Amino acid sequence: MGCQKLSRQSLHLVLGSGRGPYGLASMDISRPYTSWQEAKAAEAKPKENGSLLWGTKRSEPEPSIYYSTLRSPGSVSSSDRFRDAFALFGKSKIVCSDAGGFVTMYNTESHSFTSLPEMNSPKGPRYVALSIPRTAAHAMADFEIHPDVDSAMFGDKLLGGNHTESLYMMDMVPDKACSFEALVYYPVSRWCWRPLPPPPFHSDPKYRTPHNIPFALVDGTMICVSSDKATYCFDTVAMEWNKAGDWVLPFLSKLEYDTELKMWFGMSAHKPYRLCAVDLSGVAMGSCEKLPAVRDVGLEVDLPKNWELIDATLVKLGSGRFCIARFFDVTDEYGDYEYDVVAFTGVDCGGGALT
């Protein structure tokens, strides 16, 4: 099988430990190995730092830059550290905010930083972050905010010119003055954080912040997110919440949509965190009485028995391919902790894997 070009060429990793600065490292995934045989044959050859082997393990690349919070090192507490938040903005920008709501944006292509306005409320550690391309419908809705803008500015100008993405961030803990807001570029006021209606489940006195936060982008403009008891959808054009159903998406975190397979993929909510697929297209059409059928993809690899699985996350690479990052605690022969390991596994869901 030929190796098709991936829509994502780099995998960005935010590395951090203790109270020191965060490191940003990038892995080149533009030429992944597509089989065990190819990967094993390449093991005997010199390897480029940071390339990805499908279904095998590599040492992580060295960070290219470091993030330091705007607080002095002596004032950084462990609770503040947990409130730092990172989000991928578009394909090449990474937004970082700290416990004070101070925000910066790093462009991995131009290797430049941009200072952004402060958030209305800081986010983290239990938060949702989703980058959504702006559409003509978004621009028309935003015109109501700036009625003084001449109608001739519709089109590329109201869409933000070169800034065609908006970043939506929501804190799942309901104790913030502004739990939900979006970073949007307006031609009148430039970058700004726009407060959005909080999710309905925040007003439920029985609501408890879930450990798993499954969410997805549906139909290009709708954010689908599960609380501890039900699933809700936020229309980013109408800026309204609606209840999708009294069911919870059984996934660990963000679901990724593949345009070729027309399915949403994510890691299952419980260990061993299997790769699963679900069709959420019906959610955009209205309320669903029951959870859409979830299918286990069943493509896994064997790992050492002394690796204890702690967490997992999924990244879409394009053309039906994904990268699974699994986080482990490695123990010795007596079961005592020794060190941490992150294993990256490539999965190809094309070629009839879901049939």
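Everything numeric in this text was worked out from a predicted model, so none of it was measured.

S.K.: In this structure, what is going on with the sheet that holds strand S14 (residues 231-235)? I would like to understand it.
M.R.: Backbone hydrogen bonds are what pair the strands of a sheet, in a parallel or an antiparallel way. Across the sheet, which stays open at both edges, the four strands sit in the order S12-S13-S14-S15 with antiparallel pairing between neighbours. Since the sheet does not close on itself, it has two edges, and those belong to strand S12 (215-218) and strand S15 (240-245), each with one partner. Neighbouring strand axes in the sheet, compared pairwise and without regard to direction, differ in orientation by 25° on average. Of the strand pairs in this sheet, S12 and strand S13 (residues 222-226) are connected by four bridges, and their pairing is antiparallel. If you follow Ala216 over to S13, its bridge partner there is Cys224.

S.K.: I'm lost on the pairing of strand S18 (residues 275-278) in this one. Help?
M.R.: When a strand is regular, its side chains alternate between the sheet's two faces. Residues of S18 alternate between two faces, with Leu275 and Ala277 on one and Cys276 and Val278 on the opposite face, all of them buried. As paired strands, strand S17 (residues 263-267) and S18 are joined by four bridges and run antiparallel to one another. Counterpart to Met267 in the pairing with S18 is Leu275. Bridging between S18 and strand S19 (residues 294-296) involves three bridges; their strand directions are antiparallel.

S.K.: Explanation requested: the confidence of the model for the protein in the structure shown.
M.R.: The predicted coordinates should not be examined in detail at positions where pLDDT is low. Averaged over all residues, the pLDDT of the protein equals 80, while 75% of them reach at least 70. The low-confidence segment residues 1-5 (pLDDT under 50) makes ten contacts with residues lying over four places distant or belonging to another chain.

S.K.: Which parts of the structure should I look at to understand the packing of aromatic side chains?
M.R.: By convention here, two paired aromatic rings are described through the distance between centres and the angle between planes. Throughout the structure, instances matching the rule amount to 14 aromatic pairs. Ring centres of Tyr106 and Phe113 lie 4.8 Å apart, and the angle between their planes is 45°; on these two criteria the pair is classed as tilted. Tyr106 gets classed as buried once you look at its relative accessible area, which sits at 4%. Its relative accessible area of 45% is what places Phe113 among the partly exposed residues. Look at Tyr185 and Trp191: their rings are 5.2 Å apart centre to centre, the planes differ by 75°, and that puts the pair in the edge-to-face class. We classify Trp191 as buried; its relative accessible area is 14%.

S.K.: For this particular structure, what's the right way to read the sheet that holds strand S10 (residues 180-186)?
M.R.: Sheet architecture is open: four strands sit in the order S8-S9-S10-S11, paired in antiparallel fashion. Where the open sheet ends on each side, the last strands, each with one partner, are strand S8 (127-133) and strand S11 (190-195). Averaged over all pairs of adjacent strands, the angle between strand axes in this sheet comes to 20°, irrespective of strand direction. Pairing geometry for S8 and strand S9 (residues 165-171), over seven bridges, is antiparallel. Within the sheet, the bridge partner assigned to Leu130 lies in S9 and is Tyr168.

Reading the values: rules and limits
Residues numbered from 1 in each chain as written. Predicted model: local features only at pLDDT ≥ 70, side-chain atom pairs only at ≥ 80, totals over all residues. Heavy atoms only, no water. Pairing = 2+ DSSP bridges. Helix = DSSP H or I, 4+ residues; strand = E, 2+ residues; numbered from the N terminus. Axes fitted to C-alpha atoms, helices over the stretch in contact; angles between N-to-C directions. Buried < 20%, exposed > 50% of the residue type's maximum accessible area, 1.4 Å probe, protein only. pLDDT = per-residue confidence, 0-100. Contact = heavy atoms within 4.5 Å. Phe/Tyr/Trp six-rings, centres within 6.5 Å; stacked < 30°, edge-to-face > 60°.

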